[in-house]
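Okay, here's what each chain looks like letter by letter:
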Amino acid sequence: MNRNKQLWIPMVVFGTVLLGACQRQHAPYLSSLDAGKGFPLYTTYAAAPERSHFVLDQGYTFQYDADSLGADFTTDTGGDIALGFRLGDRYVYRVADMHRPPTITASYPDMVRYNYQPFAGIEVEAWFVVHSSTMALLDLQIANQADTAVALEVFPYMRHASRTFQQVESHGRYLLFEHQEYPDAWTLNHDVPYTDSIRNIWLASETPTAAGAFTSEIGDLPAASHPVERATFLDFTRGAARETLAGGVPHAKVVAFEHTIQLAGGGTENLRFVRGVAPTAAPVDSLVGAASELLDQPLEPYQQQNEAFFAHTPKPDFGDPDKDALYWSAASMMRQVFYPAEGNSSYNYYVFSREPTWGWGHGGQVFHESIAMLAYADIDPQGAMNSQRVYRERQYPNGYINYRTGGYLDEIIEHNGQLTTSAPWYAWLNWEVYRITRDTTFLREMYGSSKKLFRFIVDNRDSDDDGLCEWGGHAVLESVRDAQVAVWDEVGFPTNFESLDLNCMLVKEAKSLEQMARALGLVDEAAVWRTDHERRTQLINDTFWDETNGFYYQVDKNTHTFTHKETDDLKRDEIIGFLPLWAGVADEQRATRLVGKLTDTAQFWREYGVPTLSAQDSYYNDKGYWNGPVWVQWNYLIMLGLQDYGYHEEARALVDRVVAGMVSVLKDNHNLWEFYSPDEPWGGYHKTYIWAGIINRMMMDTQEGR
C-alpha cells in the first residue's frame, strides 16, 4: 500500500468521529466561513507538518479579492496557478469581470474551499489543497444552473511573473517543465540546504482540448487586463499562436490547458489539476506517479483532519466578528509555519515564514520569537513544548544557546570573542508554557535548561562585575532590537551601556525560575532565585530610573549616568522604558508615572498601539524598524505590565488598538506581519510572521470578565 494512502485510514476514522461530535454542537469557525471581499482572513496555505519537509517546500497565497487579478494562487518564486473561462465570445479571468466574485467557505493552514460565478448561472465550487511540500491540487465542480445547455471553455494555467519556465513538454494530460529558485545570500552564507533546479508537472484529470506554452514577454499575460492581450492568449490556446510542443519549448511565461466542457441544463462537471515539483535530478516517473495519485484523492479527510486538530483550541466569542476572524487567522498561521522533526532536530520546529521563503526567516527558530508559543500552546500543547525542547537539545554544556536553531541550522555568531545568544525570556516562556500544559516532565526538563542559560548570561554579560549585565556577543542582534534603534544608531554600540532591558529580562527570568523551583518542590533553590531578583530589582531602580522625566533609561557602563558622549544623550524614550512594568520592578509611584507617559497620545498612546520609540523623538519613523513601528509581542509585554499593576482598562484599550491595526491590514492583504504602523493601517516588512500570533493571547487575556 502507498505510504500516503496509509496516512488517511486512521485519519479519516478519527476525523469523522470528531467532526460528527463538533457538528452536533456547532460548525467549526474555519469550516463555516462566508468570507468575501475585505474579510479579515489569512489566506496563505502550506502543507500540514506531517507531510512537509524543509528543503523543497512550496506554499501558496490565495489572491481572491483583488479586482485586477483572478482567483489566483501565487508564490514568491515558484510560479502562480490561475484560471480563466470563456462562454461564447466573452472571456473572464479578473475578479472585477466575474458575475459573482469568490467567497471563501472554509480555510485551514493547508486548504481552502471557495465558490464564485464567472458568468451568471455558472457556479464554480472549488477546493485548493496543499497536500505536501511538493504537491498541490485544485479541484473544480462546475455547475450550469440554467435550463439550457452551454459549451464552457476552461483555461487552467501556470505563469511565472519574474522568470520563464523551461523545457516545456506535452504528454497528453500533463505538461512537464522546469524552473529555478535561486537561494539568497543568507541561505548561501549559512549553508542551509536548498533546491534550485526544479521540475514541474501540471496534470489534468481529463484530457485537455489543447495545451500550450505562451512565450510572450509582454506584460503579465494572460493576467493583463488589456482586451487585446487577453485575446492574444485566447488565440494562442486555440492554436493560432501556440508553439508546437512535440519537440518541447525552451522558454515560456505561461503553460496552459484548454478544456471545452458541455454542460447540460442543471448539469455538473468535475475537473481536477495537480501541480507537483521535484528536483530535476529526481526520476520523472516518481513525480508523475505522485501527482497521478492525487487525481483520486478524497478531499473531505483534509478538512476532517484540520477540524480534529483544532477541536481543542479555545473558542472565544469576543462579541466582535473582526476579532474572531483575527484569532482564527493567527491560529492557522502559527500552525502553518511548523515543520516536523527532521535533519538535526529531534522535535518539531518552526520558521518565521514558509511562503514566501526568505532566507533569514526560513532557517529556524529564535527563542525571542518563541513568545508565540504562549498562544500556540492553547492550540497544540505538545507542539509548543517540543518547540522549546529544540533549544534544550542544542544547548552547550556551559548553558549557551545559539542564536537560531532549525532542522538544518545552528547559527552561531561570534563577535569580539563572545558567542551571541538571544534575549533571555527563556525561563519565563518555559514557565508560562508549563502553566498552560501542566506537563511536569516538561517543567523538570526545562527548569534545568533555563538555569543553565541564566548562569551563562550572568557569568558572561557582566564585564565590570557590578551586578548589572550588558548585552554581549553581537550585541545588536542579541538585544532583539536589531536595526534602527535610536540609542544604538545615534549614541553608541550596546556593549557601552548597562542594559535596562537585559536586566529587566533577568529579573523576570529569576522570578520564573523561582516559580519553577517551587512547583518542583525545590524550596532552597527557589529562595536563591528570590534573592537574585530582589537584588537586581533594587539595582535597576537605583541605576536606571530618572526622576526628572519619570522614565527608565540605559546608563553609561563606566559612569552609570545618562551621558555617554553628550549630556543626557541616553535619555531617549524607547519602549524598553516600560519593561519594568512587565518585570514587576517599578514601585507604585514609578508605575503611575510610566503609565502617564504610556498613555500620552503625543508619545506612545498611538491609534494602533505602542510604538518602539516616542513619536516626539526626532528619530521616530512609524514605518521604520525599532524606531517607531508597533511590534505586537512587545505590546504584549506592556499589556501584561498594565494588568499586573491594576490598569485593566488601559490593557484592554491597548489590545483593541493593536487589533484594529492588524485587522485593517488583514482585510487589505490577508496576511500577518512582522510589525505594524502605530499611525495608519500598514504592515511590514516581512509577512507570515509567527510572533504576530501572540495577539491571540492578548485578546484572550483581556476579555471582559477574565
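The coordinates are above.
Let us look at the structure shown here. (Residues numbered from 1 in each chain as written. Predicted model: local features only at pLDDT ≥ 70, side-chain atom pairs only at ≥ 80, totals over all residues. Heavy atoms only, no water.)

Things to note about the overall build of the chain
In step 1: In terms of helices and strands, the chain carries 19 helices and 29 strands.
In step 2: Relative to a compact globule of 706 residues, whose C-alpha radius of gyration would be 27 Å, the chain shows 27 Å and is just as compact.
In step 3: Viewed in the frame of its principal axes, the chain has a C-alpha envelope of about 85 × 55 × 50 Å.
In step 4: In the chain, of all internal contacts separated by at least 6 residues, the share reaching a separation of at least 24 is 69%.
In step 5: About 24800 Å² of surface is accessible on the chain, with carbon and sulfur atoms providing 47% of the total.
In step 6: Within the chain, the 94 negative side-chain charges are centred at a point lying 3 Å from the centre of the 57 positive side-chain charges. (Helix = DSSP H or I, 4+ residues; strand = E, 2+ residues; numbered from the N terminus. Rg over C-alpha atoms; globule rule 2.2 N^0.38 Å. Contact = heavy atoms within 4.5 Å. Areas by Shrake-Rupley, 256 points an atom, 1.4 Å probe, with all protein chains shown as cover. Lys, Arg positive; Asp, Glu negative; His and termini not counted. Charge placed at Lys NZ, Arg CZ, Asp CG, Glu CD.)

Things to note about unusual backbone geometry
In step 1: Following Glu-355, the chain continues to Pro-356 via a peptide bond in cis, the omega torsion being 5°.
In step 2: Inspection of the secondary structure assignment puts Pro-356 in the loop between β19 (349-350) and α7 (373-376).
In step 3: A cis geometry characterises the amide bond from Gly-684 onward to Tyr-685, with omega recorded as -25°.
In step 4: Along the polypeptide, Tyr-685 turns up in strand β29 (residues 683-687).
In step 5: The phi torsion at Thr-688 lies on the positive side, around 55°, for a residue other than glycine.
In step 6: On the basis of relative accessibility, which here comes to 0%, the residue Thr-688 falls in the buried class. (Buried < 20%, exposed > 50% of the residue type's maximum accessible area, 1.4 Å probe, protein only.)

Regarding the nonpolar core
In step 1: Trp-428, Trp-634, Tyr-636, Leu-672 and Ile-695 are the most contacted members of the largest nonpolar core, which totals 153 residues.
In step 2: It is helix α13 (residues 500-519) that contributes the most residues to this core, 10 residues altogether.
In step 3: Beyond its immediate sequence surroundings of up to four residues, Ile-695 is in contact with Leu-326, Ala-330, Val-632, Val-658, Val-659 and Met-662.
In step 4: Core analysis: the next-biggest nonpolar cluster, separate from the first, contains 50 residues, Ala-71, Phe-85, Leu-138 and Val-249 among them. (Core = buried A, V, L, I, M, F, W, Y, C linked by side-chain atoms within 4.5 Å.)

With respect to the pairing of strand β7 (residues 111-119)
In step 1: The buried fraction of β7 amounts to 8 of the 9 residues, a majority that puts the element mostly inside the structure.
In step 2: As paired strands, strand β6 (residues 100-108) and β7 are joined by 6 bridges and run antiparallel to one another. Looking at β7, one finds that Arg-100 is bridged to Gln-117.
In step 3: Where β6 hands over to β7, the hairpin turn is made up of 2 residues, counted between the paired strands.
In step 4: Note: β7 against strand β8 (residues 122-132), 7 bridges, orientation antiparallel. The residue bridging Phe-119 from the neighbouring strand is Ile-122, located in β8.
In step 5: As consecutive antiparallel partners, β7 and β8 are separated by 2 residues, and within that stretch Gly-121 has a phi angle of approximately 85°, a positive value. (Pairing = 2+ DSSP bridges.)

Side note on the packing of helix α9 (residues 426-437) against helix α10 (residues 440-460)
In step 1: Following both chains from N to C, one finds α9 and α10 inclined at 170°, their axes separated by 9 Å at the closest point. For the element pair α9 / α10, the angle class is roughly antiparallel. Contact with α9, carried on its side by Tyr-426, Ala-427, Asn-430, Trp-431, Val-433 and Tyr-434, involves Thr-440, Phe-442, Leu-443, Met-446, Ser-449, Ser-450 and Leu-453 of α10 and no other residues of that element.
In step 2: Of the residues belonging to the contact of α9 with α10, the class tally is 9 nonpolar, 4 polar and no charged. (Axes fitted to C-alpha atoms, helices over the stretch in contact; angles between N-to-C directions. Parallel < 35°, antiparallel > 145°, perpendicular 65-115°, else oblique. Nonpolar A, V, L, I, M, F, W, Y, C, P; charged D, E, K, R; others polar.)

Examining the pattern of salt bridges
In step 1: All told, the structure shown has 43 salt bridges when counted by the stated rule.
In step 2: Between Glu-411 and Arg-404 there is a salt bridge whose closest N-O contact spans 2.7 Å.
In step 3: Of the residues examined, Arg-404 reaches a relative accessible area of 0% and is grouped as buried.
In step 4: Through salt bridges with shared partners, a single ionic network connects Glu-50, Arg-51, Asp-110, Arg-335 and Asp-380. (Salt bridge = Lys/Arg side-chain N within 4 Å of Asp/Glu carboxyl O.)

Notes on the packing of α10 against α13
In step 1: Relative to each other, α10 and α13 sit at 150°, their axes nearing to 10 Å. Handedness of the crossing formed by α10 with α13: left-handed. Only Leu-502, Leu-506, Glu-509, Ala-510, Leu-513, Met-516, Ala-517 and Ala-519 of α13 make contact with α10, whose side of the interface consists of Leu-443, Met-446, Tyr-447, Ser-450, Lys-451, Phe-454, Ile-457 and Val-458.
In step 2: Residue classes in the contact of α10 with α13 are distributed as 13 nonpolar, 1 polar and 2 charged. (Left-handed = near helix turned anticlockwise from the far one by under 90°.)

Re the sheet that holds β6
In step 1: The strand order β6-β7-β8-β9-β17-β13-β12-β11-β15 describes an open sheet built from 9 strands, whose pairing is antiparallel. The strands lining the two open edges of the sheet, one partner per strand, are β6 and β15 (249-252). Shown here is a sheet whose adjacent strand axes are inclined to one another by a mean of 20°, direction ignored.
In step 2: Pairing between strand β11 (residues 165-171) and β15: 3 bridges, direction antiparallel. Among the inter-strand pairings, Phe-165 is bridged to a residue of β15, identified as Ala-252.

Quick word on the pairing of strand β13 (residues 197-204)
In step 1: Of all 8 residues in β13, 7 are buried; the element is thus mostly enclosed.
In step 2: By the bridge criterion, 7 bridges tie strand β12 (residues 174-180) to β13 in an arrangement that is antiparallel. Looking at the pairing, Glu-178 lines up with Arg-199 of β13.

Let's talk about the packing of aromatic side chains
In step 1: Summed over all chains, the structure comprises 58 aromatic pairs.
In step 2: Considering the side-chain rings of Tyr-625 and Trp-631, the 5.1 Å spacing of their centres and the 85° angle between planes classify their relative orientation as edge-to-face. Here the two residues Tyr-625 and Trp-631 agree in accessibility, since each one is buried.
In step 3: Directly above the ring of Trp-360 sits Arg-404, whose terminal nitrogen or CZ lies 4.3 Å from the centroid.
In step 4: The aromatic ring of Trp-682 is capped on one face by Lys-623, whose charged end is 5.8 Å from the ring centroid. (Phe/Tyr/Trp six-rings, centres within 6.5 Å; stacked < 30°, edge-to-face > 60°. Lys NZ or Arg CZ within 6 Å of the ring centre and 35° of its normal.)

Some points on the environment of Gln-141
In step 1: Along the polypeptide, Gln-141 turns up in strand β9 (residues 135-144).
In step 2: By relative accessible area, Gln-141 is classed as partly exposed at 40%.
In step 3: A C-alpha to C-alpha distance of 5.1 Å links Gln-141 and Glu-125, two positions 16 residues apart in sequence.
In step 4: Residues within four places of Gln-141 in sequence aside, it is in contact with Glu-123, Val-124, Glu-125, Thr-268, Glu-269 and Asn-270.

Regarding the side chain of Asp-622
In step 1: Within the secondary structure, Asp-622 sits in the loop between α16 (588-598) and α17 (632-644).
In step 2: Excluding residues within four positions of it along the chain, Asp-622 makes contact with Gly-628, Pro-629, Tyr-676, Ser-677, Pro-678, Asp-679, Glu-680 and Trp-682.

A short note on α13
In step 1: The end-to-end C-alpha separation of α13 is 29 Å, in line with the 28 Å expected for 20 residues at 1.5 Å each.
In step 2: Counted residue by residue, α13 has 16 buried out of 20 residues, so it is predominantly covered.
In step 3: Downstream of α13 by one or two residues, Gly-521 has phi in the positive range, about 80°. (Expected span 1.5 Å × (residues − 1).)

Some thoughts on helix α4 (residues 284-293)
In step 1: Within α4, the full set of buried residues consists of Leu-287, Val-288 and Ala-291. Here the buried residues of α4 occupy an arc of 95° about the axis, which is enough to place them on one side.
In step 2: Considering only its buried residues, α4 is in contact with β9, β12, β13 and β17 (268-279). (Arc of directions from axis to C-beta.)

Describing the environment of Ile-198
In step 1: Structurally, Ile-198 is set in strand β13.
In step 2: Given the relative accessible area of 0%, Ile-198 is considered buried.
In step 3: Residues Ile-198 and Gly-276 lie 78 residues apart in sequence; the distance between their C-alpha atoms is 9.9 Å.

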